[in-house]
Amino acid sequence: MAVVILALIGGLVYLYIDLGEQKQANRDMQELAELDKQEMENEYERFTLQYSEMKTKINNDSIIAQLTQEQMRTQQLLEELKQVKANDAREITRLKKELATVRAVLRDYVMQIDSLNRQNERLQAENTRVKAELSNRETQIAGLSSEKASLSEKVAIAAQLDATNIQMQLINKRGKAAKKVKDCKSVQVNFTITRNVTASNGNRTVYVRITNPGGNALSGGGTFAYENKNLEYTMKKNVEYTGEETSVSVYWNVSQMLEAGSYRVSIFADGHMIGSRTIGFD
């Protein structure tokens, strides 16, 4: 009896120990399943965040829409995983397969976006190069335009007429040179337009303006345009200019009281003052 009782006791102890080991093994398996499920959840969340990050790195609306769709699908699978118990082997296996698919799709989008970004960088570099070349061309064109404007200005200056040998004579009533201003009945102005092969040939209207010692113009009955204003002229004459040296004489009949002192004679043509001289009379 004693032996039987001891055998029974031993059997019960063995069963108790074996049951405890099985419970511990089940707890270990449950803990491992929970860890595996948590790791899957973390990976799904990481993929969801990666989709958000990728959408900020690209400007392609079509691809952004695809990424948004895949992100929503990943988020939905994550919610499904959170609702599944760790010991539901069938669902865990299904969601693991889905996770592998999500990982592969994500990897494909990463490669596609990386390729697009590299292409975009090449296009931006090419655009920068083209802009730099265009800027350089524009600078060259601006330089040529400035050079052309400067050359045109020089040509215009070179084409201006030049009046020299300006003389002013007082004429008395007998047509002789008057010795005194009070005896003057008319004024004769002589000058020479110098030779200029650059200037264009043709008719020129030459204006002569004489100012008395007080700075007032001797009236000739008309005005002409000069530097955005109208000046009164004393005499004017149409001259046929051929590019060669041309002598010009103009006359003005005295219509106002003249006084002794310095008179300034200024010659104008083509909107420019082409010569001037100050002459004194007693």
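Residues numbered from 1 in each chain as written. Predicted model: local features only at pLDDT ≥ 70, side-chain atom pairs only at ≥ 80, totals over all residues. Heavy atoms only, no water.

Colleague: In this structure, what is going on with the sheet that holds strand β9 (residues 272-281)? I would like to understand it.
Modeller: Backbone hydrogen bonds are what pair the strands of a sheet, in a parallel or an antiparallel way. Taking strand neighbours across the sheet as the criterion, the four strands line up as β6-β3-β8-β9 in an open arrangement whose pairing is antiparallel. In the strand order of this sheet, the two ends are held by β6 (235-241) and β9, each with one partner. For this sheet the average axis-to-axis angle between neighbouring strands, irrespective of direction, equals 20 degrees. Pairing of strand β3 (residues 202-211) with β6 involves seven bridges; the strand directions are antiparallel. Each residue of the ladder has a partner; that of V206, found in β6, is K237. (Pairing = 2+ DSSP bridges. Helix = DSSP H or I, 4+ residues; strand = E, 2+ residues; numbered from the N terminus. Axes fitted to C-alpha atoms, helices over the stretch in contact; angles between N-to-C directions.)

Colleague: Sorry if this is basic, but what is going on with the nonpolar core here?
Modeller: Nonpolar side chains in soluble globular proteins tend to be buried together. M168, V189, F191, V208, I210 and I267 are the most contacted members of the largest nonpolar core, which totals 31 residues. Elements that contribute at least two residues to this core include exactly β1 (163-171), β2 (186-193), β3, β6, β7 (246-253), β8 (261-269) and β9. Excluding anything up to four places from it in sequence, V189 contacts Q167, M168, V208, I210, M235, V248, S249, V250 and V265. In terms of nonpolar packing, the next biggest core, distinct from the first, is built from 19 residues, L67, L77, L81 and V84 among them. (Core = buried A, V, L, I, M, F, W, Y, C linked by side-chain atoms within 4.5 Å. Buried < 20%, exposed > 50% of the residue type's maximum accessible area, 1.4 Å probe, protein only. Contact = heavy atoms within 4.5 Å.)

Colleague: What's the story with the environment of Q75 in this structure? I'm lost.
Modeller: Here Q75 lies in helix α2 (residues 61-83). A sequence separation of 28 residues divides Q75 from F47, and the C-alpha atoms of the two residues are 8.9 Å apart.

Colleague: I would appreciate a short explanation of the pairing of β8 in the present structure.
Modeller: Within a regular strand, side chains alternate between the sheet's two faces. Both β3 and β8 contribute to a ladder of five bridges, which runs antiparallel. Directly across from I210, in β8, lies its bridge partner V265. Relative to β9, β8 runs antiparallel, the two being bridged by nine bridges. Each bridged residue has a counterpart across the sheet, and for A269 the counterpart in β9 is H272.

Colleague: What exactly am I supposed to notice about a positive patch on the surface here?
Modeller: Together, K173, R174, K176 and K185 make up a region of like positive charge exposed at the surface. Mapped onto the fold, R174 is located in the loop between β1 and β2. (Patch = residues over 30% accessible without salt bridge, like charges linked within 9 Å, V, L, I, M, F, W, Y side chains within 5 Å. Areas by Shrake-Rupley, 256 points an atom, 1.4 Å probe, with all protein chains shown as cover. Salt bridge = Lys/Arg side-chain N within 4 Å of Asp/Glu carboxyl O. Lys, Arg positive; Asp, Glu negative; His and termini not counted. Charge placed at Lys NZ, Arg CZ, Asp CG, Glu CD.)

Colleague: Any chance you could explain α2 here in plain terms?
Modeller: Helical geometry: 3.6 residues make up each α-helical turn, so side chains three or four residues apart lie on a common side. For α2, spanning 23 residues, the distance from its first C-alpha to its last is 33 Å, which sits close to the expected 33 Å at 1.5 Å a residue. The set of residues buried in α2 consists of I63, L67, E70, Q71, T74, L77, L78 and L81. Structurally, the start of α2 carries an N-cap: the backbone nitrogen of S62 is 3.0 Å from a side-chain oxygen of N60. (Expected span 1.5 Å × (residues − 1). Polar contact = N/O pair within 3.5 Å; in protein donor to acceptor, adjacent residues only side chain to side chain.)

Colleague: For this particular structure, what's the right way to read the pattern of salt bridges?
Modeller: Side chains that carry opposite charge are capable of pairing whenever their charged atoms lie near each other. Summed over the entire model, instances satisfying the criterion amount to 13 salt bridges. For R46, the salt bridge is made with E43, and the minimal N-O distance between the two is 3.8 Å. Pair noted here: R46 and E43 are both in helix α1 (residues 2-55), with a separation of three residues, about one helical turn. Exposure remark for R46: the relative accessible area of 42% places this residue in the partly exposed category. Under the relative-accessibility criterion, E43 is labelled buried at 13%. With a closest N to O distance of 2.5 Å, E43 and R103 form a salt bridge. Taken together, the residues span a long stretch of sequence, with E43 in helix α1 and R103 in helix α3 (residues 89-159) at a distance of 60 residues.

Colleague: Is there a simple way to explain the packing of aromatic side chains in this structure?
Modeller: Each aromatic ring pair is summarised here by two numbers: the centre-to-centre distance and the angle between the ring planes. In total, this model carries five aromatic pairs according to the counting rule given. Each ring, one from Y207 and one from F224, has its centre 4.7 Å from the other, and the planes form 15 degrees; the classification is stacked. Of the two residues, Y207 is situated in strand β3 and F224 in strand β4 (residues 222-226); the sequence distance between them amounts to 17 residues. Here Y207 and F224 have matching classes, each one buried. Measuring from centroid to centroid gives 6.0 Å for Y263 and F281, while their planes differ by 65 degrees, and the two rings are edge-to-face. Highlighted residues: Y263 in strand β8 and F281 in strand β9, separated in sequence by 18 residues. Neither residue differs from the other here; Y263 and F281 are each classed as buried. By the ring-pair criterion, three or more aromatic residues cluster together here, those being Y207, F224, Y226, Y233 and F268. (Phe/Tyr/Trp six-rings, centres within 6.5 Å; stacked < 30°, edge-to-face > 60°.)

Colleague: Teacher, can you tell me more about the sheet that holds β2 here?
Modeller: Spatial strand order, β1-β2-β7: three strands in an open sheet with antiparallel pairing. Only two strands of the sheet have a single neighbouring strand rather than two, namely β1 and β7. Ignoring strand direction, the axes of neighbouring strands in this sheet form an average angle of 15 degrees. Of the strand pairs in this sheet, β2 and β7 are connected by eight bridges, and their pairing is antiparallel. Across the sheet, Q188 pairs through a bridge with Y251, a residue of β7.

Just geometry here; none of it tells us what the structure is for.
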